[in-house]
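The residues making up each chain are set out below.
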Amino acid sequence: MCNITPYIQKLNSLTFPDMYLSDFLLTWEKTDQELQAIFTVADALRHLREHNAATQVFQSGLAISNFRDNSTRTRFSYTSAANMLGLTVADLDEGKSQIAHGETVRETANMVSFMADVIGIRDDMYIGKGNAYMREVAKSVQEGYDEGVLEQRPTLVNLQCDIDHPTQSMADMLHIIHHFGGLENLKGKKLAMTWAYSPSYGKPLSVPQGVIGLMTRFGMEVTLAHPEGYEVMSEVEQVATANAAQSGGKFTKTNCMKEAFQNADIVYPKSWAPFAAMEQRTDLYGKGDMAGINALEQDLLAQNARHKDWECTEEMMALTKGGEALYMHCLPADITGVSCKEGEVAASVFDRYRVPLYQEAGYKPYIIAAMMLMARCENPQQVLEQFASKGMQRWMR
């Protein structure tokens, strides 16, 4: 029988009643203790799986999967999380639905939710659209529940939008917590969230925004670095500034990659598109202006090409604390000489950190499962205790 007591004791020390029957759309909408509770439940679920304990809290039910953009890690992490808790994943393929025939968001949301416990949505392509769409779905299922159409209201989980990528940043943070031996050891640690060159364009801003919006919560010194013209949403920068002031950390900005890497404990070099360009792209798509979209793409590729020196090389890594900073990436990375001619990171750097990178990604299924469990179970401590005490094995070995 595995020992779940330390996780129960940690949860008992935290306050998180508002997590029950709630959605998870932005990390900065949750309290510090609610985030700590998710980290704790995620670790507990991982501990249970390591000890072959069954964790199916649901005997039936659906987890609706609505990916409006391509995905590997998040898609399979969501499926893994749902399966771990006993839910069956049902994919909403909009191309096979009646959406093209004019079905409204309200109608679609209710029709797919009759026996759903969770709805996971990725909608990260267009500025001002993704998070708004998620909130429209949330409002629609709430109305369906209030009007007696739905027996229960499913929980929404943001699997990446135009503003935030909470399942990614939370998995990133849990990786950092384990790497440095606890949340209490993060105060004063310097994290460099930097832009890096990519031969492609239009990558979402939600990863860097998610990182600066979360890592500033726990006393870390977060530096956002990018060339001029690659700004992120000013609203998220304001969140990061407020977080740093409250936690005793720092949030700074620079247009110099070397400055960001200097003496950093953690580096996160990742390409993204300029906020202004993404706004323009959204407007062009709205007008159906394909010629304008193609012209914008060429302009952005040319703009990227002026900053090929923004690469995470061995020389850049040597600037970090002891030359051994933790290298992080949401994956897939643009690896110079491997996945592209010139990219975000040198092959030697990526190869050296490949196992930690895969471990970083491996926290995501547990983070998503924790979000699901805490939203659907009023007393997660009791549920975890039952998983451990029943002694039911996930498989007979």
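About the cut-offs
- Residues numbered from 1 in each chain as written.
- Predicted model: local features only at pLDDT ≥ 70, side-chain atom pairs only at ≥ 80, totals over all residues.
- Heavy atoms only, no water.
- Helix = DSSP H or I, 4+ residues; strand = E, 2+ residues; numbered from the N terminus.
- Expected span 1.5 Å × (residues − 1).
- Buried < 20%, exposed > 50% of the residue type's maximum accessible area, 1.4 Å probe, protein only.
- Contact = heavy atoms within 4.5 Å.
- Pairing = 2+ DSSP bridges.
- Axes fitted to C-alpha atoms, helices over the stretch in contact; angles between N-to-C directions.
- Phe/Tyr/Trp six-rings, centres within 6.5 Å; stacked < 30°, edge-to-face > 60°.
- Lys NZ or Arg CZ within 6 Å of the ring centre and 35° of its normal.

Asks: Looking at this model, I keep getting lost on helix α10 (residues 275-287). Mind explaining?
Replies: Counted at 1.5 Å a residue, the expected span for α10 with its 13 residues is 18 Å, and the 19 Å between its end C-alpha atoms agrees. Three or more residues of α10 are buried, namely Phe275, Ala277, Met278, Arg281, Thr282 and Leu284. Against α11 (290-305) lie the buried residues of α10. Downstream of α10 by a residue or two, glycine 288 has a phi angle that is positive, lying close to 70°.

Asks: Sorry if this is basic, but what is going on with the sheet that holds strand β2 (residues 88-91) here?
Replies: Sheet strands associate in pairs through backbone hydrogen bonding, adopting either a parallel or an antiparallel arrangement. In spatial order, the strands read β2-β1-β3-β4; together these four strands make up an open sheet with parallel pairing. The sheet terminates laterally at β2 and β4 (155-161), the two strands that pair on one side only. This sheet shows a mean twist of 20° between the axes of neighbouring strands, independent of strand direction. Looking at chain direction, strand β3 (residues 116-123) and β4 are connected through five bridges and run parallel. Counterpart to isoleucine 119 in the pairing with β4 is leucine 156.

Asks: Would you mind showing me how to read the packing of aromatic side chains here?
Replies: Aromatic rings in a pair are described by how distant their centres are and how their planes are angled relative to each other. All chains considered together, the criterion is met by four aromatic pairs. A ring pair is formed by tryptophan 195 and tyrosine 230, whose centres lie 4.5 Å apart and whose planes are at 45°; its orientation type is tilted. Of this pair, tryptophan 195 sits in the loop between β5 (190-194) and α7 (206-215) while tyrosine 230 is found in the loop between β6 (221-225) and α8 (234-247), placing the two residues 35 residues apart along the sequence. Judged by its relative accessible area of 0%, tyrosine 230 is buried. When the centroid spacing of 5.8 Å and the interplanar angle of 55° are considered together, the rings of tyrosine 327 and tyrosine 353 count as tilted. Here tyrosine 353 lies in the loop between α13 (347-352) and α14 (354-362) and tyrosine 327 lies in strand β9 (residues 326-327), a separation of 26 residues in the sequence. Tyrosine 353 carries the same exposure label as tyrosine 327, and that label is buried. A connected cluster of aromatic rings, assembled from ring pairs, spans Trp195, Tyr230 and Trp310. Above the plane of the ring of tyrosine 133 lies arginine 68, whose end atom (NZ or CZ) is 3.8 Å from the centre. One residue, arginine 75, lies across the ring of phenylalanine 67, its end atom 4.5 Å from the ring centre.

Asks: For this particular structure, what's the right way to read the sheet that holds β6?
Replies: Strand order in the open sheet formed by five strands is β7-β6-β5-β8-β9, with parallel pairing between adjacent strands. In this open sheet, the two strands that pair with only one neighbour each are β7 (250-254) and β9. Pairing of β5 with β6 involves five bridges; the strand directions are parallel. Looking at the pairing, threonine 194 lines up with alanine 225 of β6.

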